[in-house]
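Read off the chains here:
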Amino acid sequence: MNIQSMADAIRFLALDTIVAAGEGHQGVPLGMAEIAATLYANHLKVDPKNPVWPDRDRVVLSNGHGSMLLYALLHLSGYDKVDLAAVKSFRKLHSVCAGHPEIEQDAGIEITTGLLGQGIACAVGMAVAEERMRAEFGADLCDHRTWAFVGDGCLQEGIGQEAISLAGHLRLGRLTFLWDDNHITDDGDTALSISEDIPARFTAAGWHVVEVDGHDIAATDAAILVAKSDPRPSLIACRTTIARGIPRLEGQRGGHSAPLSPQDAAEARVARNWTHEAFVIPQDIYADWTAAMSRGRDAALAWAARLKSDPKAAEFTRRTDGILPQNWPQIMVDIEARLTASGVPRATIASSGDICEGLEAALPELCILCADLEAPTNHKRGRTAFGPESRQGSYVHCGVREHLMGAMACGIAAHGGLVAVNVTYLAFADYERPAMRMAALMGLPVLFVFSHDSIGVGSNGPTHQPVEILASFRAMPNFWVMRPADTRETVMAWDQALRRKSGPTLLALSRQDLGQLPPVMGRANGGYILVGEDPRDITLIATGSEVRLAVDAAAQLQQAGIGATVVSLPCWEIFQNQSPAQRAAILGAGPKIGIEAAVRFGWDQILAPEDPFIGMTGFGASAKGPELFAHFGITTEAIVAAAIARLAL
């Protein structure tokens, strides 16, 4: 097997593709060709003809701009969906070979990357998932590694340091970063903006670190072999030359993504002694790639045989297929009955913790990630912590690392077998926004649970009182936002979120106790009539803690002879999926009032210009919650007055 020829096949397939496309980032595939070829030839465990085999190694191209490295690897390895025609369609509409990798696991693309740092953080989540699944099901069913190709930008982003720190603390020994240490970023030499000893950062965080010449195949191979036997996560710092092989650009700033010409391709062929025409790969090189994949093919066949006789096979398959337990509806009915029996007021974050505790045995695939807020978010009850000595733990203490935590949740979901539940305060969602956007973009079923959803958090002040965040996430495509008003709606929110397989869900939950509302049917429709009947004079539409204010206002209006219907709207996205006739029947045709302790932005898709909105027009303040609701005019009295004024128009 000629690994250098395999590497040059990567190099020239990428070069020819970028020249033909007229754009792309050649620095990574040309600079990392030997590293990647060595990994695939001697170490990687995948089966391109069985691409979603659960026990495959995971490969993450964190420096996603260098996407042609991944596409060349997938094509040469024999993934059916990345044939030569697909490679030639690089950066074209609907191509599997998009500008940056976009998740398509049956084509070998494990996750979407491109936002630097997100990829390595997702890889940490994948490594956590592998450790947990191996602890639960044994090495016969789960015994694989996670590899990440990493650029300087991934390590400069703040999320990168969070990933390094927690992975070292958790001793994720199946995780290896292959760092393209080429000393070049888009602006020029890395010395323009960074002077620290990066390998020392990893060493300080408890990683195994080795530095090699990334173009020396034997040295790279030896470093990978040692990394596989070390119990710590590993950094292989590979000193490389960016755009290696193009005389005009190698080692230069322009090697990153400067436009290439046919002359560059011709000169590279001379420099590397590559005598083949564009897009021509000799059959003996293809044969070497096919032979390299036999390791994974044989492993997949042996794994399938073990699965057939494993007593945990059914549960393993249910988990990796993402199927809820057969008795799921009854599980949630029982939880709701138990949690609502007393009828006492309860904060929805506390109800969420109750639900999480109730699912500990019924849904063992839950993996709770929390950012140093165990007590105020209350989702650890009944669970043990995941750590170096307790791999079966279902609660990961992420520390104050929200950027990483959100991306880890994406990596866990992309890995499969576990359901990631990310828990923190809603004001901190902006730390996680890039990861939440990636979850929506990838269609990953991640549950983001947020407490402290409004000014109701009280005297922590406006830094911790979200007013614009609900609107911003409602604007995000393929993202569900749920703001339940009581325990029953919180149970519904968990149920719907866990049933959803095509994207993430956000739960915005209260810190303050909320009274229990009447047990009316229709919660799962995203919006439903809670109080009132037709004919109506006005409709009061509210979410979360403000639903109780609307109910009380409707009672006062009724005493004044005004027929007010209360609509609870816990999830706009689910409600929008109802038919126009269903939505119209719930919302009514007449005057409306929107009520939410947040900004009006977004409500005008429901309200007419003349319809009032009771909510926030700016940031909050520091005082007790009830005082703040009064101060900002989010009260029953304000709703009643607004209704009377609206009907007088």
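Turning our attention to the overall build of the protein. Helix and strand counts for the protein stand at 26 helices and 20 strands. Relative to its length of 649 residues, the protein is compact, with a C-alpha radius of gyration of 27 Å against a globular reference of 26 Å. Principal-axis analysis of the C-alpha atoms places the extent of the protein at approximately 90 × 55 × 45 Å. The buried share of the protein, reckoned over its 649 residues, is 62%. In the protein, once contacts between residues fewer than 6 apart in sequence are set aside, the share between residues at least 24 apart is 77%. Accessible area for the protein stands at about 23300 Å²; split by element, carbon and sulfur atoms hold 53% of it.

Our focus in this paragraph is helix α26 (residues 636-647). The first and last C-alpha atoms of α26 sit 17 Å apart over twelve residues, in line with the 16 Å expected at 1.5 Å per residue. If you check which residues of α26 are buried, you get Thr636, Ile639, Val640, Ala642, Ala643 and Arg646. End-on view of α26: buried residues confined to an arc of 165°, all on one side of the axis. Considering only its buried residues, α26 is in contact with β17 (538-542), α22 (546-559), β19 (592-595) and β20 (613-614).

Quick look at the pairing of strand β9 (residues 366-370) now. Counted residue by residue, β9 has five buried out of five residues, so it is predominantly covered. With five bridges connecting them, β9 and strand β11 (residues 419-425) associate as parallel partners. Bridging from a neighbouring strand, leucine 366 pairs with valine 419 of β11. In terms of strand pairing, β9 meets strand β10 (residues 395-397) through three bridges, oriented parallel. Bridge pairing links isoleucine 368 to tyrosine 395 in β10.

Turning next to the side chain of serine 352. Within the element layout of this structure, serine 352 appears in helix α16 (residues 348-358). When residues no more than four places from it in sequence are discounted, the contact partners of serine 352 are His379, Val449, Thr490, Trp494 and Leu509.

This paragraph deals with the pattern of salt bridges. Within this structure, the stated rule accounts for 42 salt bridges. Across the pair arginine 272 and glutamate 34 runs a salt bridge whose closest N-O atoms are separated by 4.0 Å. Placement of the pair is arginine 272 in helix α11 (residues 262-272) and glutamate 34 in helix α3 (residues 33-42), with a sequence separation of 238 residues. Residue glutamate 34 is classed as buried on the basis of its relative accessible area, which comes to 0%. Residue aspartate 430 is joined to arginine 433 by a salt bridge in which the shortest nitrogen-to-oxygen separation is 2.5 Å. One end of the pair, aspartate 430, and the other, arginine 433, are both in helix α19 (residues 429-442), three residues apart, so they sit about a helical turn from each other. On the basis of relative accessible area, aspartate 430 is assigned to the partly exposed category, the value being 37%. Residue arginine 433 is classed as partly exposed on the basis of its relative accessible area of 23%.

Moving on: the sheet that holds strand β1 (residues 58-61). Strands sit in the order β1-β2-β3-β7-β6 across an open sheet of five strands; the sheet is parallel. Taken across any chain shown, the strands that pair with only one partner, and hence form the sheet edges, are β1 and β6 (208-213). Along the sheet, successive strands turn relative to each other by an average axial angle of 15°, direction set aside. Seen against the sheet, helix α6 (residues 118-137) touches β1, β2 (146-150) and β3 (175-181) and runs at an angle of roughly 170° to β2.

This part covers the sheet that holds strand β13 (residues 480-482). If you walk across this open sheet you meet the six strands as β10-β9-β11-β12-β14-β13, and the pairing is parallel. The open sheet has two edge strands, β10 and β13, and neither has a second partner. For this sheet, the mean angle separating the axes of adjacent strands, direction not counted, is 20°.

All right, on to the packing of aromatic side chains then. Applying the stated rule across the entire model yields 16 aromatic pairs. For the pair phenylalanine 177 and tryptophan 207, a centre-to-centre distance of 4.8 Å together with 50° between the ring planes defines the contact as tilted. Here tryptophan 207 lies in the loop between α9 (198-204) and β6 and phenylalanine 177 lies in strand β3, a separation of 30 residues in the sequence. Judged by relative accessible area, which is 0%, phenylalanine 177 ranks as buried. Centroid distance tryptophan 572 to tryptophan 603: 5.0 Å. Interplanar angle 85°. Geometry classified as edge-to-face. Of the two residues, tryptophan 572 sits in helix α23 (residues 572-576) while tryptophan 603 sits in the loop between β19 and β20, which places them 31 residues apart along the sequence. Each member of the pair tryptophan 572 and tryptophan 603 is classed as buried.

Within strand β12 (residues 447-451), five of the five residues are buried, which leaves the element mostly enclosed by the surrounding structure. The two faces of β12 match: Leu447, Val449 and Ser451 on one face and Phe448 and Phe450 on the other face are all buried. Pairing of β11 with β12 involves five bridges; the strand directions are parallel. From the neighbouring strand, tyrosine 425 faces β12, where its bridge partner is serine 451. Crossover handedness for the path β11 to α19 to β12: right-handed.

Here the bond from aspartate 534 into proline 535 is cis, since omega is 0°, no more than 30 degrees from zero. Within the element layout of this structure, proline 535 appears in the loop between β16 (528-531) and β17. Positive phi, close to 55°, is recorded for arginine 171, a residue that is not glycine.

Quick look at the state of the cysteines now. Across all of its chains, the model carries zero disulfides by this definition. Cysteine 367 takes part in no disulfide bond, and the closest cysteine sulfur to it belongs to cysteine 398, at a distance of 8.2 Å. Here cysteine 367 falls in the buried class, since its relative accessible area comes to 1%. A disulfide-free cysteine, cysteine 410 has its sulfur positioned 5.0 Å from the sulfur of cysteine 122, the nearest such atom. By relative accessible area, cysteine 410 is classed as buried at 0%.

Rules of the game
- Residues numbered from 1 in each chain as written.
- Predicted model: local features only at pLDDT ≥ 70, side-chain atom pairs only at ≥ 80, totals over all residues.
- Heavy atoms only, no water.
- Helix = DSSP H or I, 4+ residues; strand = E, 2+ residues; numbered from the N terminus.
- Rg over C-alpha atoms; globule rule 2.2 N^0.38 Å.
- Buried < 20%, exposed > 50% of the residue type's maximum accessible area, 1.4 Å probe, protein only.
- Contact = heavy atoms within 4.5 Å.
- Areas by Shrake-Rupley, 256 points an atom, 1.4 Å probe, with all protein chains shown as cover.
- Expected span 1.5 Å × (residues − 1).
- Arc of directions from axis to C-beta.
- Pairing = 2+ DSSP bridges.
- Salt bridge = Lys/Arg side-chain N within 4 Å of Asp/Glu carboxyl O.
- Axes fitted to C-alpha atoms, helices over the stretch in contact; angles between N-to-C directions.
- Phe/Tyr/Trp six-rings, centres within 6.5 Å; stacked < 30°, edge-to-face > 60°.
- Right-handed = clockwise from strand over helix to strand, strands pointing away.
- Disulfide = S-S within 2.5 Å.

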